[in-house]
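Read off the chains here:
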Amino acid sequence: MKKLAIILFLSLVANLMVAATDTTLDDAFSAYQNQDYQQALKLFLQIENEGFIDADLYYNIGNSYYRNGELGQAILYMKKSLKIDASHEKAKRGLEFLLNQTRNKQSLQADNLLLKFFNDFRDSISLNWLAIISLILLGLIILTIHIIIHRYANRERAVPYLFITVLIAILILVLTLSKIKYDQRYQVKEAVLLSETAIGYSGPSPDFTRVFTIHEGLILEIEQEQDNWSLVKLPNGIGGWITSDSLEKVTIR
Amino acid sequence: MTKKVFYVILFFCFTSLLLAEINFESYVDNTEIGLQDRLNLTLEISGSDAGKVAQPQLPRLDNFSNLGSSTSSSSSYSFTNGKAQSNITKKYIYTLRPRKTGDFIIPPLKLAYQGRTYTTNPIKIKVVEGTTAAAPPTSQRMQTNTRNDNTTLADNLFLKAVVSDKQVYQDQPITVEYILYSRYEISNLAFGEDSGYQGFWKETLFVPEQINFTTKTENGLRYNTMLMKKDLLFPRESGNLEIPSLQIKADIRTQARSFFDFGSSKTYTLESKPHTITVKSLPTAPENFSGAVGAFQLNSRISSSELKVGDSFTYTLEISGKGNLKNFTLPQLPAVNHLRFLDPETSTQLNADGVSGKRTIKYLVIAKEQGQIEIPPLSFTFFDPEKAAYITRKTANYTLAVAAGDMAYIPSSRAQMSVEMEGADIGFLAEISELKTAEIIYKSWLYWIAVILLLLSIPASFIYRKEQEKLSSNQDYYRTKQANKILKKYMKDATSYAKENKADFYTAAQSGLANFLADKLHIARGSTSDVLLSELEKQAISDELFAKVKELYAICNQARFMPGGFSDQQISQHHSLLKNVINDLSKIKFK
């Protein structure tokens, strides 16, 4: 009886929490609809703080940031959204649009056709699907082993061995792809420039030679970090040190 | 000339009128002769009816005496549009001798035919003392007496540049024709150096592909003429511009002087006289000046003025006239609400003169919405050099009645085009039906437990297989294994009976024990208890255990013959005894 009461109480609390989030969400949508983008952004960020990691939510935050004129943050959140779901069409289009707004030229598309094909393939399958596929493949492999043990004790085993080899090859492929996607999701190499401009130096101090000036919204690759300075690589391959507080890494908890 | 005749004949063919057109010309073989020379005056009548014309009368010539005349006639046929047409040329050649020196004029000759009078041009003749020896150059004379030759050569072989206009406005086109005049036989022609035109934008209208002479009378002399080049020039700068001379190399075949002289050819370089063109700059242009210079007409039309939404019609704009048709900007259509103008098709048709023609601009227009739609007039401003003023022409304005259509606005298939992006913006929010925190399966412990379990199933399966093999290969091993099972089963029954203090306990205990022992001892089931006990005795078991087994058997036998002979307490005692015995027996390894 006691147990039941506790369960009931907990589910009630959970329901209330969900209901509260739902109203916040509705408020955010209506604020956006009424073009009160500041309020919409505030509410969406509030939902994010509750601990949700959701591609659609991140997309909406990025969208609202853009409406508030914060291009860098908008790009950052679009990237985050794509990190969770690489095939998120809205985020892809949004990011492409935003990248056209930055003062520095940058593009999403890979130049190499083969690479583009691979990227599309990689983005089309989610990490969880890969996990399920890997589990199914492992199950099939083990089932085949069982069959070999029990049914092929005194028989020619070429066919099941071939089958098992093919399955293992596919499993290795799936696991490799999973590793790539996993790294892509959890790596913290990418960052977005949030400050309006940043100056790149040849070393981690303004005393070094000035190498470049970059503008808000540029997607950078962090290669090294030291004190408050980051060595970043620009899309065109130029490297330089900028202050770390002018950028934010594309990470998800 | 023949062309003219041809047209005339065509005219006859179509009208069937009996009016015949003929051509009448007169020319001499030389305009400067000596007193001792003779002058050949030729009267030429050509045309389809030339054969019917009577010999024209030569007027009285005071300064020349008529030495006689000869006649020649030739005819040619041509087929045009399947009709045969004849062209007859009749020549009356009079040989005249001058009576005295001086400048004379052979007056115009007249010919009346079918009520019309044809007149030739007067010819100027200069008569000098002695002879001008206007014989054609011979090979010897060319070599020895070039200076004299040149003077006669210049009269008989020259290149003339004919400029259509010498005073023009900027961008007003002029034509330059280079005509070769020759009274010699020319075997080959080639262009010399071309110095090009400075300050002009040039378009070549004509360059001959083969030597093709036509006869022409100029200053009373008969020449073979050939159009060497025709250029269309558009002056791009104002001021005095020069049309440079054109060089032509002509090979002239000399006449044979004797039987052994077959004649040879000599190359002469001819140059036309340069011309200077005065180009006036255009007066200050109005704002919407198109850059067109010439005389133009502006026409417009629409293919239909009543249509439905989604229907298309053609708006045609036609600029025709004479001038720099190719080099001006087209008038721009203003944007009209509810109408969509697709990119126009522009075509320029120029006549052979390269100056006149028309430009046609065709817009395909699609009505987007219903209502009365007005297309405002379009203006086109050009400079007319004749009037020396800017002229603006306007098209009519059109009113379209667009009715509601059942079709949405779709461009016609003829000019299909992709949708144009009219503005870029970030998309709307993504709909969130359920907020979820993306769970990564790879990070979940359930995934890894599943993996470990799957992997562990392999050794488990392997062990199971080995066990199976042992069972199938070793019958005794199988029975030993069975024995334990049987024992367990009977023990379970026995225990339940014991708990209920039933006498069935003894039956269960006895058969269980018997089967157990039979399997353990590898002897047939159903053997008597004596056989079992004797076999058991052979095994290495303690006497105490053997005695217990014996005692148990005895109790069981007793119970079978005397049901209900034991109290509850005794049954539980015997149960524990059975448990002890079996416990001990299962510990023993039987042979």
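Let me sum up the structure you'll find in this document. Here the structure is a predicted model, which is why all the values come from computation and not from measurement.

Some words on the overall build of chain B
For chain B, the helix and strand inventory stands at nine helices and 30 strands. Within the span of chain B, comprising 591 residues, buried residues form 39% of the whole. Put simply, of all contacts in chain B between residues at least 6 apart along the chain, 71% involve residues at least 24 apart. In the structure as shown, chain B presents an accessible area of about 33,900 Å², 49% of it carried by carbon and sulfur atoms.

As for helix α5 (residues 89-99) of chain A
Those residues of α5(A) not exposed but buried are A:A91, A:G94, A:L95, A:F97, A:L98 and A:L99. Buried-residue contacts for α5(A) involve α3 (55-67), α4 (71-84) and β4 (219-226) of chain A.

Concerning the environment of B:S379
All names here are of chain B. You can see S379 is positioned in strand β28 (residues 379-384). Under the relative-accessibility criterion, S379 is labelled partly exposed at 29%. Taking C-alpha positions, S379 is 9.8 Å from S290, a pair spaced 89 residues apart along the chain. Leave out the neighbours within four places in its chain, and S379 touches N288, P331, T392, R393 and K394.

Side note on the sheet that holds strand β17 (residues 239-243) of chain B
Residues and elements named next belong to chain B. Taking strand neighbours across the sheet as the criterion, the three strands line up as β11-β20-β17 in an open arrangement whose pairing is mixed. Each edge of the open sheet is held by one strand with a lone partner, namely β11 (167-169) and β17. Within this sheet the neighbouring strands show an average axis-to-axis angle of 35°, counted without direction. Both β17 and strand β20 (residues 275-280) contribute to a ladder of five bridges, which runs antiparallel. By the bridge assignment, G239 is partnered in β20 with V279.

Overview of the side chain of A:T24
Residue and element names in this part refer to chain A. Tracing the backbone shows T24 in helix α1 (residues 2-33). Residue class for T24 comes out buried when judged on its relative accessible area of 10%. If we ignore the near neighbours within four places in the chain, the residues touching T24 are L43, Q46 and I47.

Concerning the packing of helix α2 (residues 37-49) of chain A against α3(A)
Residues and elements named next belong to chain A. Look at α2 against α3: their axes get within 9 Å of each other, and the N-to-C directions meet at 150°. The pairing of α2 with α3 is recorded here as roughly antiparallel in orientation. Considering the relative orientation of α2 and α3, their crossing is left-handed. Contacts between α2 and α3 involve Y37, A40, L41, F44, L45, I47 and E48 from the first element and L57, Y58, N60, I61, S64, Y65 and R67 from the second. Across the contact of α2 with α3, the residue classes tally to ten nonpolar, two polar and two charged.

Notes on the packing of aromatic side chains
According to the stated counting rule, one finds 22 aromatic pairs over all chains in the structure shown. Arranged with centres 6.0 Å apart and planes meeting at 85°, the rings of B:Y315 and B:Y398 form a pair that is edge-to-face. Taken together, the residues span a long stretch of sequence, with B:Y315 in strand β23 (residues 312-323) and B:Y398 in strand β30 (residues 398-403) at a distance of 83 residues. On the basis of relative accessibility, which here comes to 0%, the residue B:Y315 falls in the buried class. Accessibility expressed as a relative area gives 15% for B:Y398, which makes it buried. Where B:Y442 meets B:Y447, the ring centres are 5.2 Å apart and the plane angle is 75°; that geometry is what we call edge-to-face. Through a chain of ring-to-ring contacts, three or more aromatic side chains come together here, namely B:Y169, B:F289, B:F383 and B:Y390. A cation over a ring is seen here: A:K80 above A:Y58, with NZ or CZ 5.8 Å from the ring centre.

The rules we used
- Residues numbered from 1 in each chain as written.
- Chains lettered and ligands numbered in written order.
- Predicted model: local features only at pLDDT ≥ 70, side-chain atom pairs only at ≥ 80, totals over all residues.
- Heavy atoms only, no water.
- Helix = DSSP H or I, 4+ residues; strand = E, 2+ residues; numbered from the N terminus.
- Buried < 20%, exposed > 50% of the residue type's maximum accessible area, 1.4 Å probe, protein only.
- Contact = heavy atoms within 4.5 Å.
- Areas by Shrake-Rupley, 256 points an atom, 1.4 Å probe, with all protein chains shown as cover.
- Pairing = 2+ DSSP bridges.
- Axes fitted to C-alpha atoms, helices over the stretch in contact; angles between N-to-C directions.
- Parallel < 35°, antiparallel > 145°, perpendicular 65-115°, else oblique.
- Left-handed = near helix turned anticlockwise from the far one by under 90°.
- Nonpolar A, V, L, I, M, F, W, Y, C, P; charged D, E, K, R; others polar.
- Phe/Tyr/Trp six-rings, centres within 6.5 Å; stacked < 30°, edge-to-face > 60°.
- Lys NZ or Arg CZ within 6 Å of the ring centre and 35° of its normal.

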